[in-house]
Amino acid sequence: VVSGNELLLAFVSTDFISGQNTTVKSVTGGGLTWVLVVRTNHEFGTSEIWRAFATTPVSNVVVTATLSQDVVSSMTVLGYAGVDSTGINGSGAIGAIGSGSSGSGAPAASVTTTRSNSWVFGAGNDYDNAILRTPGSNQSVVHQYLASVGDTYWMQMQNSPTPLSGTRVTINDTAPTGDRYNLSAVEVLPSLVVGPTYSVD
């Protein structure tokens, strides 16, 4: 985090062993307060997004996710400058959230934007196979981990903010299409004061 008043999002995707499905019990790091934004775990494993807010720059920070099961997982942490800094611990920077899951099919989760020039991001897990994602149009896979246990954990984003409020925006992959998946999506809101001057760390 290179500037003050930055939103931090932790995108966490996990495996599952047995019993009650996996959840992220907590996220810690940087002396910040981390809060769950969205959890999707209808299929095996979980895909979650957690938020925190740094009022001053932080560096050399270790962020840790504590899971309900001892399973393979992956986490990507991004910082966002130019977001809405109102609310508590970054709550003002969070807009719509979405979840998608299925026993098979192309992964997809949608939100309807609540503010012009907001930006949509997502995190997913594939319990069935370690296979590369093919992102939908105007999207990029930021990180994906093809685990030796035969799972895929990934994080992806729209390539740019969405100009108009009220737009339905989908985080999706066109392949694979035959695996179980969980996918969570979140809309990040720009500041109303300075306008859509986003940057992502």
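Asker: Got a minute to help me understand the overall build of the chain in this structure?
Answerer: The secondary structure content of the chain amounts to 0 helices and 15 strands. Computed over its C-alpha atoms, the radius of gyration of the chain comes to 16 Å, within 12% of the 17 Å expected for a compact globule of 201 residues. Over its C-alpha atoms, taken along the principal directions, the chain stretches across nearly 45 × 35 × 25 Å. Per-residue burial for the chain yields a buried fraction of 49% across its 201 residues. Taking the intrachain contacts of the chain between residues at least 6 apart in sequence as the baseline, contacts between residues at least 24 apart amount to 77%.

Asker: Could you clarify how one ought to interpret the packing of aromatic side chains in this entry?
Answerer: What describes a pair of aromatic rings is the distance from one ring centre to the other and the angle between the planes of the rings. Throughout the structure, instances matching the rule amount to 6 aromatic pairs. Taking 5.0 Å as the distance between ring centres and 80° as the angle between the ring planes, the aromatic pair formed by tyrosine 80 and phenylalanine 121 counts as edge-to-face. Taken together, the residues span a long stretch of sequence, with tyrosine 80 in strand E6 (residues 73-81) and phenylalanine 121 in strand E9 (residues 119-126) at a distance of 41 residues. In this structure an aromatic cluster arises from ring pairing among Phe16, Phe44 and Tyr127. Residue placement shows arginine 133 over the ring face of tryptophan 154; its charged tip is 4.4 Å from the ring centre.

Asker: How should the side chain of threonine 76 be read in this particular structure?
Answerer: Here threonine 76 lies in strand E6. Residue class for threonine 76 comes out buried when judged on its relative accessible area of 12%. In this structure threonine 76 touches Leu9, Ala10, Phe11, His143 and Met155, once residues within four positions along its chain are discounted.

Asker: Any chance you could explain the pattern of salt bridges here in plain terms?
Answerer: Note that side chains of opposite charge can pair when their charged atoms are close. As enumerated under the stated definition, the model contains 4 salt bridges in all. Arginine 39 is paired through a salt bridge with glutamate 48; the nearest N and O atoms lie 2.7 Å apart. Of the residues examined, glutamate 48 reaches a relative accessible area of 0% and is grouped as buried. Residue aspartate 128 pairs with arginine 180 through a salt bridge whose shortest N-O separation is 2.6 Å. Taken together, the positions of aspartate 128 in the loop between E9 and strand E10 (134-135) and arginine 180 in the loop between strand E13 (168-175) and strand E14 (181-188) put the pair 52 residues apart, joining distant regions of the chain. Residue class for aspartate 128 comes out partly exposed when judged on its relative accessible area of 24%.

Asker: Help me understand the sheet that holds E13 in this model?
Answerer: Neighbouring strands of a sheet are bound in pairs by backbone hydrogen bonds; such pairs are parallel or else antiparallel. Read from one edge to the other, the open sheet built from 3 strands follows the order E8-E13-E10, with strand pairing classed as antiparallel. The two strands at the open ends of the sheet, each matched to only one other strand, are strand E8 (108-112) and E10. The pairing of E10 with E13 spans 2 bridges and is antiparallel. Residue pairing across strands places proline 135 opposite aspartate 173, the latter belonging to E13.

Asker: Please clarify how the pairing of strand E4 (residues 47-54) should be interpreted in this entry.
Answerer: In regular strands, side chains alternate between the two faces of the sheet. Counted residue by residue, E4 has 8 buried out of 8 residues, so it is predominantly covered. A two-sided burial pattern is seen for E4, the buried positions comprising Ser47, Ile49, Arg51 and Phe53 on one face and Glu48, Trp50, Ala52 and Ala54 on the other. Relative to E4, strand E1 (residues 6-14) runs antiparallel, the two being bridged by 8 bridges. Bridge assignment links valine 12 to a residue of E4, and that residue is glutamate 48. Both strand E3 (residues 35-40) and E4 contribute to a ladder of 5 bridges, which runs antiparallel. Paired with threonine 40 across the two strands is serine 47, which belongs to E4. The turn linking E3 back onto E4 is made up of 6 residues, and glycine 45 within it adopts a positive phi angle of 85°.

Cut-offs used in this document
- Residues numbered from 1 in each chain as written.
- Predicted model: local features only at pLDDT ≥ 70, side-chain atom pairs only at ≥ 80, totals over all residues.
- Heavy atoms only, no water.
- Helix = DSSP H or I, 4+ residues; strand = E, 2+ residues; numbered from the N terminus.
- Rg over C-alpha atoms; globule rule 2.2 N^0.38 Å.
- Buried < 20%, exposed > 50% of the residue type's maximum accessible area, 1.4 Å probe, protein only.
- Contact = heavy atoms within 4.5 Å.
- Phe/Tyr/Trp six-rings, centres within 6.5 Å; stacked < 30°, edge-to-face > 60°.
- Lys NZ or Arg CZ within 6 Å of the ring centre and 35° of its normal.
- Salt bridge = Lys/Arg side-chain N within 4 Å of Asp/Glu carboxyl O.
- Pairing = 2+ DSSP bridges.

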